[in-house]
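Secondary and tertiary structure notes
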Amino acid sequence: MQISMFLPNKVPVRVKSLHTNPAASTAKVAAPKWAQKTITLPPQKRGCHLITSKIVKEIEPELCGFKCGLAHLFLHHTSASLTINENYDYDVRDDTETFLNKIVPEGPSAPWKHTIEGPDDMPAHIKSSMFGSTLMIPITNGKLNMGTWQGIWLCEHRDYPTSRTVVITLNGI
Amino acid sequence: MQISMFLPNKVPVRVKSLHTNPAASTAKVAAPKWAQKTITLPPQKRGCHLITSKIVKEIEPELCGFKCGLAHLFLHHTSASLTINENYDYDVRDDTETFLNKIVPEGPSAPWKHTIEGPDDMPAHIKSSMFGSTLMIPITNGKLNMGTWQGIWLCEHRDYPTSRTVVITLNGI
Amino acid sequence: MQISMFLPNKVPVRVKSLHTNPAASTAKVAAPKWAQKTITLPPQKRGCHLITSKIVKEIEPELCGFKCGLAHLFLHHTSASLTINENYDYDVRDDTETFLNKIVPEGPSAPWKHTIEGPDDMPAHIKSSMFGSTLMIPITNGKLNMGTWQGIWLCEHRDYPTSRTVVITLNGI
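Residues numbered from 1 in each chain as written. Chains lettered and ligands numbered in written order. Predicted model: local features only at pLDDT ≥ 70, side-chain atom pairs only at ≥ 80, totals over all residues. Heavy atoms only, no water.

What to know about the packing of helix α3 (residues 90-103) of chain B against helix α4 (residues 121-131) of chain B
Helix-helix packing is described using two parameters, namely the angle between the two axes and the distance between the axes. Residue and element names in this part refer to chain B. Relative to each other, α3 and α4 sit at 120 degrees, their axes nearing to 10 Å. Judged by the angle between their axes, α3 and α4 are oblique. Crossing handedness for the pair α3 and α4: right-handed. Only K127, M130 and F131 of α4 make contact with α3, whose side of the interface consists of T96, F99, L100, N101 and I103. Its residues assigned to classes, the contact of α3 with α4 comprises five nonpolar, two polar and one charged. (Axes fitted to C-alpha atoms, helices over the stretch in contact; angles between N-to-C directions. Helix = DSSP H or I, 4+ residues; strand = E, 2+ residues; numbered from the N terminus. Parallel < 35°, antiparallel > 145°, perpendicular 65-115°, else oblique. Left-handed = near helix turned anticlockwise from the far one by under 90°. Contact = heavy atoms within 4.5 Å. Nonpolar A, V, L, I, M, F, W, Y, C, P; charged D, E, K, R; others polar.)

Examining the relation of the copies chain B and chain A
Mapping one chain copy onto the other needs a rotation about an axis and a shift along that axis. Placing chain B over chain A gives an RMSD of 0.0 Å and needs a rotation angle of 120 degrees, together with 0.0 Å of translation along the axis. Both chain copies can therefore be described as sitting about a three-fold axis. Taken as a fraction of all interface residues of chain B, those also at the interface in chain A reach only 12%, which identifies the copy contact as different-surface. (Least-squares fit on C-alpha atoms with pLDDT ≥ 70 in both.)

Some thoughts on the interface of chain B and chain C
In this assembly, 48 residues from chain B lie in contact with 42 residues from chain C. Both sides together, the interface formed by chain B and chain C hides about 4000 Å², and carbon and sulfur atoms give 60% of it. Applying the counting criterion to the chain B and chain C interface returns two salt bridges. Counting across the chain B and chain C interface gives 14 residue pairs in polar contact (both at pLDDT 80 or more). For the side of chain B that touches chain C, the elements supplying multiple residues, two or more each, are α1 (2-6), β1 (18-20), β4 (68-75), β5 (80-86), α3, α4, β6 (134-140) and β9 (164-172) of chain B. It is α3(B) that provides the largest number of residues to the side of chain B that touches chain C, a total of nine residues. Here the residues of the side of chain B that touches chain C are counted per class, giving 23 nonpolar, 17 polar and eight charged. (Buried area = accessible area lost by both parts, 1.4 Å probe. Salt bridge = Lys/Arg side-chain N within 4 Å of Asp/Glu carboxyl O. Polar contact = N/O pair within 3.5 Å; in protein donor to acceptor, adjacent residues only side chain to side chain.)

Description of the confidence of the model for chain A
Residue and element names in this part refer to chain A. Summary statistics for chain A give a mean pLDDT of 87 and a share of 83% for residues scoring 70 or more. Across residues 1-16 the pLDDT falls below 50, and counting only partners more than four positions away or on other chains, this stretch makes 30 contacts in the model. Under a pLDDT of 50 for its full length, residues 22-29 has, in the predicted model, nine contacts with residues more than four places off or in other chains. At the level of chain-chain contacts, confidence expressed as ipTM amounts to 0.86, with global pTM at 0.88. (pLDDT = per-residue confidence, 0-100.)

Re the side chain of H72(A)
Checked against the element boundaries, H72(A) lands in strand β4 (residues 68-75). Its relative accessible area of 0% is what places H72(A) among the buried residues. At 3.0 Å, the side chain of H72(A) and the backbone oxygen of M136(C) are in polar contact. (Buried < 20%, exposed > 50% of the residue type's maximum accessible area, 1.4 Å probe, protein only.)

Re the pairing of strand β8 (residues 150-156) of chain A
All names here are of chain A. The element β8 is largely enclosed, with a buried count of seven among its seven residues. Side chains Q150, I152, L154 and E156 project from β8 onto one buried face, and the interleaved G151, W153 and C155 project onto a second face that is buried too. One ladder, built from four bridges, connects strand β3 (residues 47-50) with β8; its direction is antiparallel. In the sheet register, L50 faces β8, and the bridge partner there is W153. (Pairing = 2+ DSSP bridges.)

Section: the sheet that holds strand β8 (residues 150-156) of chain C
All names here are of chain C. Read across the sheet, three strands follow the order β3-β8-β5 without closing on themselves; strand pairing throughout is antiparallel. Pairing within the sheet leaves two strands with one partner each, and these edge strands are β3 (47-50) and β5 (80-86). Going from strand to strand, the sheet's axes swing by 35 degrees on average, the running direction of each strand aside. Where helix α3 (residues 90-103) meets the sheet, it contacts β3, β5 and β8, and its direction lies at approximately 150 degrees from that of β3.

Focus: the interface of chain B and chain A
Each partner contributes to the interface: chain B provides 41 residues, whereas chain A provides 48 residues. Broken down residue by residue, the surface that chain B buries against chain A is led by W34(B), Q36(B) and S129(B), which jointly contribute 20%. Across the contact surface, chain B and chain A share two salt bridges. A salt bridge links D94(A) to K113(B); the shortest N-O distance between them is 2.4 Å. Here chain B and chain A share 14 residue pairs in polar contact (both at pLDDT 80 or more) between them. Top contributing element to the side of chain B that touches chain A by residue count: strand β2 (residues 33-41) of chain B, with eight residues. Of the residues contributing to the side of chain B that touches chain A, the split by class is 21 nonpolar, 15 polar and five charged.

Focus: the pattern of salt bridges
Residues and elements named next belong to chain B. Scanning the model with the defined rule gives 27 salt bridges over all chains in all. When the shortest N-O distance is used, the salt bridge between D159 and R46 registers 2.9 Å. Of this pair, D159 sits in the loop between β8 (150-156) and β9 while R46 sits in the loop between β2 and β3 (47-50), placing them 113 residues apart in sequence. Residue class for D159 comes out partly exposed when judged on its relative accessible area of 46%. Among the salt bridges present, the one from R158 reaches D120, with a minimum N-O distance of 2.9 Å. Placement of the pair is R158 in the loop between β8 and β9 and D120 in the loop between α3 and α4, with a sequence separation of 38 residues. Residue classification places R158 among the buried residues on the basis of a relative accessible area of 17%.

Things to note about the packing of aromatic side chains
Using the criterion set out here, one finds three aromatic pairs over all chains in the structure. For the pair Y88(A) and W149(A), a centre-to-centre distance of 6.0 Å together with 80 degrees between the ring planes defines the contact as edge-to-face. Within this pair, whereas Y88(A) is found in the loop between β5 (80-86) and α3 (90-103), its partner W149(A) is found in the loop between β7 (143-144) and β8, the two being separated by 61 residues in sequence. Note that K33(B) overlies the ring of F66(B), its terminal NZ or CZ placed 5.2 Å from the centroid. (Phe/Tyr/Trp six-rings, centres within 6.5 Å; stacked < 30°, edge-to-face > 60°. Lys NZ or Arg CZ within 6 Å of the ring centre and 35° of its normal.)

Topic: the relation of the copies chain B and chain C
Mapping chain B onto chain C calls for a screw motion: a turn of 120 degrees about the axis and a shift of 0.0 Å along it, with 0.0 Å RMSD after fitting. Little of the interface of chain B is mirrored in chain C, where only 10% of its interface residues are also at the interface.

Points about the state of the cysteines
The full count for this structure, using the stated rule, is zero disulfides over all chains. We note that C155(A) lacks a disulfide partner, and the nearest cysteine sulfur, in C48(A), lies 3.4 Å from it. (Disulfide = S-S within 2.5 Å.)

Written out as structure tokens, the structure is:
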């Protein structure tokens, strides 16, 4: 019965790939695997940065062993963010930084009460919640399964660059 | 000991449901299952669209076999987004599109450098990062465990409708 | 081979921790565990609220049994949100509420068509998609692995406080 679940009689026409562990209910098949790493990204200037290759390089030894799974990235900070966006034209990253600065007031006229850590700190916190500090990306056949034009961005929202910690958790079969 | 972890002596009063695999440490119990599909959503006009039933229809044969788990949706694009929001009144989706257009400048007066793909392209990238391109939804007793008024939205941010690819990964017991 | 995947010869210098289940392919090791709970958070006034300790208290009996895993939080509502942000200064939460109210128009001059549930309802839906209603947090050695200054926030976007339901799913080894 569990096997039939992964081999449905009526496969939707639009399904392009289907990875399953049909024999998972037997003792012969490997149980799902977990790997977790904490990596440190070097300091980057304020703005949006493409970090796909940096991330992949760190997890490649583990990643290649997963046929199907999920990769979770979790940024340990509240003044930077992780997002997925265009991986080709640098201007897209620059325009996104322009947008963030336009939408979140900064400086003497900004209405923030939390100013003790500098004028760029409270805007950084807000931007961090707007884009989020966590990503989940599917793994297929040992690779991150992203679209052709997708890349992983680290958005640094503080003026003074600092290194940033990311906890990466891989789970799959 | 592992069993006791899933059968705590003091169950919090507010817990309404608890699904566990207490015997997972024995060889008799099925290991967690994985399923992954790539589906294609048909082109939709610019705006927010309720796609819950389309998504459920695609994964139903697999979904019904999970007692407890997580469903991950990953959009393969950087000019559209996935979000969870109200599933009843069409006006909510329309108003959300109004908001996005209000907040992200578009056209000759917009400050974007990336204009080569049309005036709606850079705004689309920004909106994609605002709402995100990935969702994770709990699975309970073979169904997506969402609130009464929650639905899955595909937000199309480009003027010209194109089909959109979503990688769906199911994991659970 | 699967074991070597979790014990790579060349461990990246910047890796600080690595949790694996290298022997997962043998029958002797416990399969990954799942736990799922539905909890109810008490009504909170409009604004951003730190709920880390409330969440941890609810899941602590299960959480402590996971050496490595992921904790998923899913809010069952479309007029509130979950986000991760600063856990120390109350002003950061207050300033974030100020930002949300500044960016999303509310009241007679707002352009919303969906007004039947009150002037604060449509803005609440928009804010819910801006910050999102779902979080995924790594688990390491029985604890949520967040940064020093990170906390879990419930952002209540409605004027009238109501209790809020959160489905929490734990998965790991």
